[in-house]
Amino acid sequence: MYKKAVVELGFTYDRFREDFINSHTFHDAADADSRNDHQVNLGRIGSLLSTRDDLVRRYCDTPLDSEAFLSCMKEFMFENPRTKPRLINLECYLSDRTLQVVTDAANDIPLFKRVVSRSDMDCLFNRCVQTNGEPLVANSNEVLAYFFSRLNYHGLISNKYQTVLGEARLVMRSTGTKALSQTDISSALRNFESSDKPITSRVERWVVLIKSTTFDPS
(Lines give C-alpha, C1' and ligand atoms only; values in the text may rest on other atoms or scores of the structure.)
Protein backbone atom coordinates (compact mmCIF):
# COMPACT_ATOMS: atom_id res chain seq x y z
CA MET A 1 0.00 0.00 0.00
CA TYR A 2 2.88 2.37 0.73
CA LYS A 3 4.49 1.71 -2.65
CA LYS A 4 1.19 2.14 -4.48
CA ALA A 5 0.05 5.27 -2.67
CA VAL A 6 3.28 7.19 -2.02
CA VAL A 7 5.83 5.95 -4.52
CA GLU A 8 3.56 5.36 -7.53
CA LEU A 9 0.64 7.78 -7.02
CA GLY A 10 2.49 10.53 -5.14
CA PHE A 11 0.18 10.72 -2.10
CA THR A 12 1.63 12.32 1.01
CA TYR A 13 2.85 9.93 3.70
CA ASP A 14 0.26 11.31 6.16
CA ARG A 15 -2.58 10.55 3.71
CA PHE A 16 -1.29 6.99 3.19
CA ARG A 17 -0.97 6.39 6.94
CA GLU A 18 -4.51 7.52 7.70
CA ASP A 19 -5.96 5.55 4.78
CA PHE A 20 -4.11 2.39 5.88
CA ILE A 21 -5.39 2.58 9.46
CA ASN A 22 -8.95 3.46 8.41
CA SER A 23 -9.07 0.62 5.86
CA HIS A 24 -8.13 -1.96 8.51
CA THR A 25 -10.24 -0.74 11.44
CA PHE A 26 -13.15 -3.22 11.23
CA HIS A 27 -13.30 -7.01 10.79
CA ASP A 28 -15.83 -9.83 10.93
CA ALA A 29 -14.73 -11.62 14.13
CA ALA A 30 -17.35 -11.53 16.87
CA ASP A 31 -15.46 -12.88 19.91
CA ALA A 32 -13.72 -10.48 22.27
CA ASP A 33 -10.31 -12.17 22.11
CA SER A 34 -10.08 -11.81 18.32
CA ARG A 35 -11.28 -8.21 18.44
CA ASN A 36 -8.77 -7.36 21.17
CA ASP A 37 -5.92 -9.02 19.26
CA HIS A 38 -6.87 -7.06 16.18
CA GLN A 39 -6.92 -3.82 18.17
CA VAL A 40 -3.45 -4.54 19.60
CA ASN A 41 -2.02 -5.34 16.17
CA LEU A 42 -3.60 -2.31 14.53
CA GLY A 43 -2.35 -0.11 17.37
CA ARG A 44 1.21 -1.35 16.88
CA ILE A 45 1.08 -0.82 13.12
CA GLY A 46 -0.49 2.60 13.63
CA SER A 47 2.32 3.60 15.96
CA LEU A 48 4.91 2.25 13.53
CA LEU A 49 3.43 4.29 10.66
CA SER A 50 3.12 7.41 12.84
CA THR A 51 6.52 7.45 14.53
CA ARG A 52 8.92 5.34 12.46
CA ASP A 53 8.40 6.17 8.77
CA ASP A 54 12.16 5.64 8.42
CA LEU A 55 11.53 1.91 8.95
CA VAL A 56 8.56 1.90 6.57
CA ARG A 57 10.61 3.50 3.80
CA ARG A 58 13.61 1.22 4.41
CA TYR A 59 11.71 -2.06 4.56
CA CYS A 60 9.49 -1.28 1.57
CA ASP A 61 12.55 -1.82 -0.64
CA THR A 62 12.89 -5.45 0.47
CA PRO A 63 10.51 -8.42 -0.03
CA LEU A 64 8.11 -8.23 2.92
CA ASP A 65 8.21 -11.84 4.05
CA SER A 66 7.71 -12.95 7.65
CA GLU A 67 11.41 -12.63 8.45
CA ALA A 68 11.62 -9.03 7.19
CA PHE A 69 8.38 -8.11 8.98
CA LEU A 70 9.59 -9.53 12.30
CA SER A 71 12.92 -7.73 11.87
CA CYS A 72 11.10 -4.45 11.26
CA MET A 73 8.84 -4.90 14.30
CA LYS A 74 11.83 -5.88 16.46
CA GLU A 75 13.55 -2.63 15.57
CA PHE A 76 10.33 -0.75 16.27
CA MET A 77 9.48 -2.38 19.59
CA PHE A 78 12.87 -2.99 21.18
CA GLU A 79 15.18 -0.21 20.01
CA ASN A 80 15.14 3.23 21.56
CA PRO A 81 12.95 5.33 19.23
CA ARG A 82 14.78 8.49 20.28
CA THR A 83 17.81 7.27 18.36
CA LYS A 84 15.69 7.01 15.18
CA PRO A 85 13.85 10.33 14.85
CA ARG A 86 11.15 10.68 12.24
CA LEU A 87 12.48 11.99 8.94
CA ILE A 88 12.02 15.73 8.55
CA ASN A 89 10.62 16.22 5.07
CA LEU A 90 7.54 17.37 3.19
CA GLU A 91 6.59 13.74 2.51
CA CYS A 92 6.23 14.20 -1.21
CA TYR A 93 8.15 13.30 -4.32
CA LEU A 94 7.45 15.56 -7.28
CA SER A 95 8.17 14.28 -10.78
CA ASP A 96 10.31 16.31 -13.18
CA ARG A 97 7.16 17.51 -14.90
CA THR A 98 5.55 18.66 -11.66
CA LEU A 99 8.81 20.25 -10.50
CA GLN A 100 8.84 22.32 -13.67
CA VAL A 101 5.29 23.54 -12.99
CA VAL A 102 6.26 24.38 -9.41
CA THR A 103 9.27 26.29 -10.73
CA ASP A 104 7.09 28.21 -13.19
CA ALA A 105 4.65 29.00 -10.37
CA ALA A 106 7.40 30.18 -8.01
CA ASN A 107 8.75 32.56 -10.65
CA ASP A 108 5.36 33.82 -11.82
CA ILE A 109 3.77 34.56 -8.44
CA PRO A 110 6.69 35.24 -7.44
CA LEU A 111 7.50 33.35 -4.26
CA PHE A 112 11.18 34.29 -3.97
CA LYS A 113 13.39 37.33 -4.41
CA ARG A 114 15.31 35.68 -7.25
CA VAL A 115 14.44 33.53 -10.22
CA VAL A 116 14.59 29.89 -9.16
CA SER A 117 15.47 26.75 -11.11
CA ARG A 118 13.98 23.27 -11.14
CA SER A 119 17.03 22.15 -9.18
CA ASP A 120 16.18 24.72 -6.48
CA MET A 121 12.64 23.35 -6.23
CA ASP A 122 13.95 19.78 -6.11
CA CYS A 123 16.09 20.76 -3.10
CA LEU A 124 13.12 22.46 -1.45
CA PHE A 125 10.36 19.91 -2.02
CA ASN A 126 11.88 16.50 -2.73
CA ARG A 127 15.09 16.66 -0.72
CA CYS A 128 14.16 19.28 1.91
CA VAL A 129 17.68 20.68 1.99
CA GLN A 130 19.02 24.16 1.46
CA THR A 131 19.99 25.03 -2.11
CA ASN A 132 23.63 24.65 -3.09
CA GLY A 133 23.98 28.21 -4.32
CA GLU A 134 22.18 31.40 -3.37
CA PRO A 135 19.62 30.80 -0.60
CA LEU A 136 15.89 31.09 -1.15
CA VAL A 137 14.58 34.37 0.23
CA ALA A 138 10.81 34.84 0.43
CA ASN A 139 9.52 37.66 -1.73
CA SER A 140 6.61 37.92 0.71
CA ASN A 141 6.39 35.86 3.88
CA GLU A 142 2.60 35.94 3.73
CA VAL A 143 2.27 34.83 0.11
CA LEU A 144 4.81 32.04 0.62
CA ALA A 145 2.93 30.80 3.71
CA TYR A 146 -0.36 30.87 1.80
CA PHE A 147 1.12 28.97 -1.16
CA PHE A 148 2.35 26.16 1.08
CA SER A 149 -0.95 26.08 2.98
CA ARG A 150 -2.80 25.51 -0.30
CA LEU A 151 -0.42 22.74 -1.31
CA ASN A 152 -1.19 21.10 2.02
CA TYR A 153 -4.95 21.67 1.59
CA HIS A 154 -4.86 19.78 -1.72
CA GLY A 155 -2.92 16.89 -0.16
CA LEU A 156 0.35 17.59 -1.98
CA ILE A 157 2.62 18.05 1.03
CA SER A 158 2.67 17.07 4.70
CA ASN A 159 0.47 18.95 7.14
CA LYS A 160 3.67 19.47 9.14
CA TYR A 161 5.12 21.72 6.43
CA GLN A 162 5.55 24.66 8.81
CA THR A 163 7.69 22.57 11.14
CA VAL A 164 9.70 21.15 8.23
CA LEU A 165 10.42 24.55 6.68
CA GLY A 166 11.37 26.00 10.04
CA GLU A 167 13.55 23.20 11.41
CA ALA A 168 15.40 22.66 8.12
CA ARG A 169 15.80 26.45 7.62
CA LEU A 170 14.81 26.09 3.97
CA VAL A 171 13.65 29.66 3.25
CA MET A 172 14.88 33.00 4.51
CA ARG A 173 12.57 35.76 5.70
CA SER A 174 11.77 38.43 3.13
CA THR A 175 14.23 40.70 4.95
CA GLY A 176 16.99 38.15 4.28
CA THR A 177 18.16 38.37 7.89
CA LYS A 178 17.28 34.85 9.13
CA ALA A 179 15.38 31.71 8.20
CA LEU A 180 11.61 31.58 8.48
CA SER A 181 10.59 29.75 11.64
CA GLN A 182 7.41 27.75 12.22
CA THR A 183 6.07 30.68 14.22
CA ASP A 184 6.91 33.11 11.40
CA ILE A 185 5.05 31.00 8.85
CA SER A 186 2.02 30.49 11.07
CA SER A 187 1.81 34.21 11.84
CA ALA A 188 2.30 35.17 8.18
CA LEU A 189 -0.53 32.82 7.14
CA ARG A 190 -2.92 34.30 9.70
CA ASN A 191 -2.09 37.81 8.49
CA PHE A 192 -2.63 36.81 4.86
CA GLU A 193 -5.98 35.17 5.53
CA SER A 194 -7.25 38.10 7.61
CA SER A 195 -7.98 40.17 4.48
CA ASP A 196 -8.69 39.68 0.79
CA LYS A 197 -5.62 39.66 -1.43
CA PRO A 198 -5.73 39.93 -5.24
CA ILE A 199 -2.89 37.41 -5.51
CA THR A 200 -5.03 34.68 -3.91
CA SER A 201 -6.58 33.65 -7.23
CA ARG A 202 -3.18 33.47 -8.94
CA VAL A 203 -1.80 31.22 -6.20
CA GLU A 204 -4.85 28.97 -6.36
CA ARG A 205 -4.66 28.61 -10.16
CA TRP A 206 -1.05 27.46 -9.92
CA VAL A 207 -1.73 25.05 -7.05
CA VAL A 208 -4.59 23.43 -8.98
CA LEU A 209 -2.27 23.02 -11.97
CA ILE A 210 0.43 21.51 -9.74
CA LYS A 211 -2.14 19.09 -8.33
CA SER A 212 -3.26 18.05 -11.80
CA THR A 213 0.30 17.18 -12.88
CA THR A 214 0.94 15.32 -9.63
CA PHE A 215 -2.12 13.04 -9.73
CA ASP A 216 -2.44 12.85 -13.52
CA PRO A 217 1.18 12.70 -14.75
CA SER A 218 0.31 11.68 -18.33
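Refer to the structure printed above.
Residues numbered from 1 in each chain as written. Predicted model: local features only at pLDDT ≥ 70, side-chain atom pairs only at ≥ 80, totals over all residues. Heavy atoms only, no water.

## Observations concerning the layout of surface pockets
Considered as a void within the structure, the largest pocket measures approximately 370 Å³ in volume. Lining of the largest pocket is provided by 16 residues; of these, Tyr 2, Phe 16, Leu 49, Val 56 and Leu 64 occupy positions nearest its centre. Residue assignment for the lining of the largest pocket shows that the elements contributing at least two residues are α1 (2-8), α2 (13-23), α3 (32-51), α4 (53-59) and α5 (66-78). By residue class, the composition of the lining of the largest pocket is 14 nonpolar, 1 polar and 1 charged. (1 Å grid on protein atoms, 1.4 Å probe; cavity = no way out; pocket = protein on both sides within 12 Å on 5 of 7 lines; lining within 4 Å. Points joined across faces, edges and corners; volume = space filled by probe spheres on them. Helix = DSSP H or I, 4+ residues; strand = E, 2+ residues; numbered from the N terminus. Nonpolar A, V, L, I, M, F, W, Y, C, P; charged D, E, K, R; others polar.)

## Thoughts on the side chain of Arg 17
Its place among the elements puts Arg 17 in helix α2. A polar contact is formed between the side chain of Arg 17 and the side chain of Asp 14, at a distance of 2.8 Å. (Polar contact = N/O pair within 3.5 Å; in protein donor to acceptor, adjacent residues only side chain to side chain.)

## Section: the packing of aromatic side chains
Counted by the stated rule, this structure contains 8 aromatic pairs. Ring geometry for Tyr 2 versus Phe 16: centroids 5.6 Å apart, planes at 75°, classification edge-to-face. Residue Tyr 2 is located in helix α1, and its partner Phe 16 is located in helix α2; the two are separated by 14 residues in the primary sequence. As far as the burial class goes, Tyr 2 and Phe 16 line up, both buried. An aromatic cluster of at least three residues, connected via ring pairs, comprises Tyr 2, Tyr 13, Phe 16 and Phe 20. (Phe/Tyr/Trp six-rings, centres within 6.5 Å; stacked < 30°, edge-to-face > 60°. Buried < 20%, exposed > 50% of the residue type's maximum accessible area, 1.4 Å probe, protein only.)

## Quick notes on helix α10 (residues 182-193)
The end-to-end C-alpha separation of α10 is 17 Å, in line with the 16 Å expected for 12 residues at 1.5 Å each. Burial in α10 covers these residues: Asp 184, Ile 185, Ala 188, Leu 189 and Phe 192. For α10, the angular spread of the buried residues around the axis is 130°, confining them to a single face. Every exposed residue of α10 that faces more than 90 degrees away from the buried side is listed here: Thr 183 and Arg 190. Those residues of α10 that are buried are in contact with α8 (141-153), α9 (161-168) and α11 (199-215). (Expected span 1.5 Å × (residues − 1). Arc of directions from axis to C-beta. Contact = heavy atoms within 4.5 Å.)

Geometry only, nothing functional implied.
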